[in-house]
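Secondary and tertiary structure notes
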Amino acid sequence: MSASGGTKAIVAALAANLAIAVAKFVAFLFSGSSSMLAESVHSLADSGNQGLLLLGGKKAQREATPQHPFGYGRERYIYAFLVSIVLFSLGGMFALYEGYEKIKEPHPIEAWYWPVGVLVFAIIAESFSFRTAIKESNEIRGTLSWKEFVRRAKAPELPVVLLEDFGALIGLVLALGGVGLALATGDGVWDGIGTLCIGVLLVLIAFVLAAETKSLLLGESAGLDEVKKIEDAIVDGDTVTRLIHMRTLHLGPEELLVAAKVAVQHDDSATEVAQAINDAEARIRAAVSIARVIYLEPDIYSDSAAASGANPAKSPGGTGH
């Protein structure tokens, strides 16, 4: 996995979540707090999710085969989608069930110092993990807002870890609030309410992750800046005189497919056209390093044909002139 895949953030989150999961489960055993049980399952699910992200990054590095000629870059999207399923089922749905059971049959929290102490420790550990994810994201986020970064990022790992850590911190505050109110009032129902809130939070985050990774799985085009660089690189004004239309598609976070029809001079020889295409491909790769698979089709541009035909610029990921 490349650096932009957020390996440091994933490993930091994995280490934090494993330690927190053990601590939360011990606190549940001593206190009987349902929030602690839900949070321990949440952290365990998060640990499994980070394992899935690392596995997806490893599998994505395999070489292309005759059966998969464009490689395995989308493995990272598949495993990120699995993360959303695990977060929804193992994390969110379990918390909702546990919260319902605790509200239906509440019981007081015992040994209050266990859940409170573990929650404070967990908030500190998750904060360090979240800080690592933010630091790695800032290196590639540029001027994008956090919402835009999560929406537009082609590498799924950092948005996944960011949302998981953000959700974990909010969940810990909710758990701390539920435990605190249960201790203050002597009514275990508040612990169950806190657990229900954690479940709702995890389900919402799972839906956001699923929606974003679904878009990546369907196939997203290059970003606007990359499209502009490719357009500028294709035309040399001599042999390649015009870009007729173009499509781009991410085969993986760091691999882009470019397919375009370009206009050449009607009196150019086959040798001149072939050399012009080769030169254009070289310019594209120099301008956008992740453009790995490039197909350029030469054609003779016709104003009348362009006026009567479909406009490729209206299609997602395409551009036309």
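Residues numbered from 1 in each chain as written. Predicted model: local features only at pLDDT ≥ 70, side-chain atom pairs only at ≥ 80, totals over all residues. Heavy atoms only, no water.

**Re helix α2 (residues 34–59)**
- In this model, α2 (26 residues) spans 37 Å end to end at C-alpha, consistent with the 38 Å of a helix rising 1.5 Å per residue.
- The buried fraction of α2 is high, at 19 of 26 residues. (Helix = DSSP H or I, 4+ residues; strand = E, 2+ residues; numbered from the N terminus. Expected span 1.5 Å × (residues − 1). Buried < 20%, exposed > 50% of the residue type's maximum accessible area, 1.4 Å probe, protein only.)

**Concerning a negative patch on the surface**
- Residues Asp236, Asp238, Asp267, Glu272 and Asp279 make up a contiguous surface patch of negative charge.
- Note that glutamate 272 resides in helix α9 (residues 270–287).
- Judged by relative accessible area, which is 41%, glutamate 272 ranks as partly exposed. (Patch = residues over 30% accessible without salt bridge, like charges linked within 9 Å, V, L, I, M, F, W, Y side chains within 5 Å. Areas by Shrake-Rupley, 256 points an atom, 1.4 Å probe, with all protein chains shown as cover. Salt bridge = Lys/Arg side-chain N within 4 Å of Asp/Glu carboxyl O. Lys, Arg positive; Asp, Glu negative; His and termini not counted. Charge placed at Lys NZ, Arg CZ, Asp CG, Glu CD.)

**Looking at the nonpolar core**
- Counting residues in each nonpolar core, the largest one holds 42 residues, and the members touching the most others are Leu53, Val161 and Leu209.
- Breaking this core down by element, the ones donating at least two residues are α1 (7–31), α2, α3 (75–104), α4 (113–141), α5 (146–152), α6 (157–185) and α7 (189–218).
- With ten residues, α6 is the single largest residue contributor to this core. (Core = buried A, V, L, I, M, F, W, Y, C linked by side-chain atoms within 4.5 Å.)

**Here we look at helix α8 (residues 224–234)**
- Every buried residue of α8 is accounted for by Val227, Ile230, Glu231, Ala233 and Ile234. All buried residues of α8 project into a common sector of 165° when viewed along the axis, lining one side. Turned more than 90 degrees away from the buried face of α8, the exposed residues are Leu224 and Asp225. (Arc of directions from axis to C-beta.)

**A look at the packing of aromatic side chains**
- Evaluated as defined, the whole model comprises six aromatic pairs.
- Here the aromatic rings of phenylalanine 30 and tryptophan 114 are separated by 4.5 Å at their centres, their planes lie at 10°, and the arrangement is stacked. Taken together, the positions of phenylalanine 30 in helix α1 and tryptophan 114 in helix α4 put the pair 84 residues apart, joining distant regions of the chain.
- On the basis of relative accessibility, which here comes to 46%, the residue phenylalanine 30 falls in the partly exposed class. (Phe/Tyr/Trp six-rings, centres within 6.5 Å; stacked < 30°, edge-to-face > 60°.)

**So, the side chain of aspartate 46**
- Its location among the elements puts aspartate 46 in helix α2.
- Within the buried set, aspartate 46 has no salt-bridge partner at all; the shortest N-O distance to an opposite charge, 7.0 Å, is to lysine 24.
- In contact with aspartate 46, not counting residues within four places along its chain, are Asn17, Leu87, Glu164 and Ala168. (Contact = heavy atoms within 4.5 Å.)

**Remarks on the confidence of the model for the chain**
- Taken as a whole, the chain shows an average pLDDT of 85; of its residues, 92% reach a score of 70 or greater.
- Considering only residues more than four positions removed or in separate chains, one finds that residues 313–318, a stretch of pLDDT under 50, has twelve contacts. (pLDDT = per-residue confidence, 0-100.)

**Brief notes about the pattern of salt bridges**
- Scanning all chains against the criterion turns up 13 salt bridges.
- Aspartate 191 is the salt-bridge partner of lysine 102, the closest N and O atoms lying 2.8 Å from each other. With a gap of 89 residues between them, lysine 102 in helix α3 and aspartate 191 in helix α7 connect regions that are remote in the sequence. By the burial criterion, lysine 102 is buried, and aspartate 191 matches it.
- Here lysine 261 and aspartate 299 are joined by a salt bridge, their closest N and O atoms 3.5 Å apart. Remark: aspartate 299 occurs in strand β3 (residues 291–299) and lysine 261 occurs in strand β2 (residues 255–264); sequence separation between them is 38 residues.

**With respect to the packing of α2 against α3**
- Interaxial distance between α2 and α3 falls to 9 Å at its minimum, and their mutual angle equals 170°. Considering their axes alone, α2 and α3 lie roughly antiparallel with respect to each other. (Axes fitted to C-alpha atoms, helices over the stretch in contact; angles between N-to-C directions. Parallel < 35°, antiparallel > 145°, perpendicular 65-115°, else oblique.)

**Points about the packing of α2 against α7**
- For the pair α2 and α7, interaxial distance at closest approach is 8 Å and the crossing angle is 25°. When the axes of α2 and α7 are compared, the pair comes out roughly parallel. Contacts from Ser34, Ser35, Ala38, Glu39 and His42 in α2 reach Asp191, Gly192, Gly194, Thr195, Ile198 and Leu202 in α7.
- Its residues placed into classes, the contact of α2 with α7 shows three nonpolar, six polar and two charged. (Nonpolar A, V, L, I, M, F, W, Y, C, P; charged D, E, K, R; others polar.)

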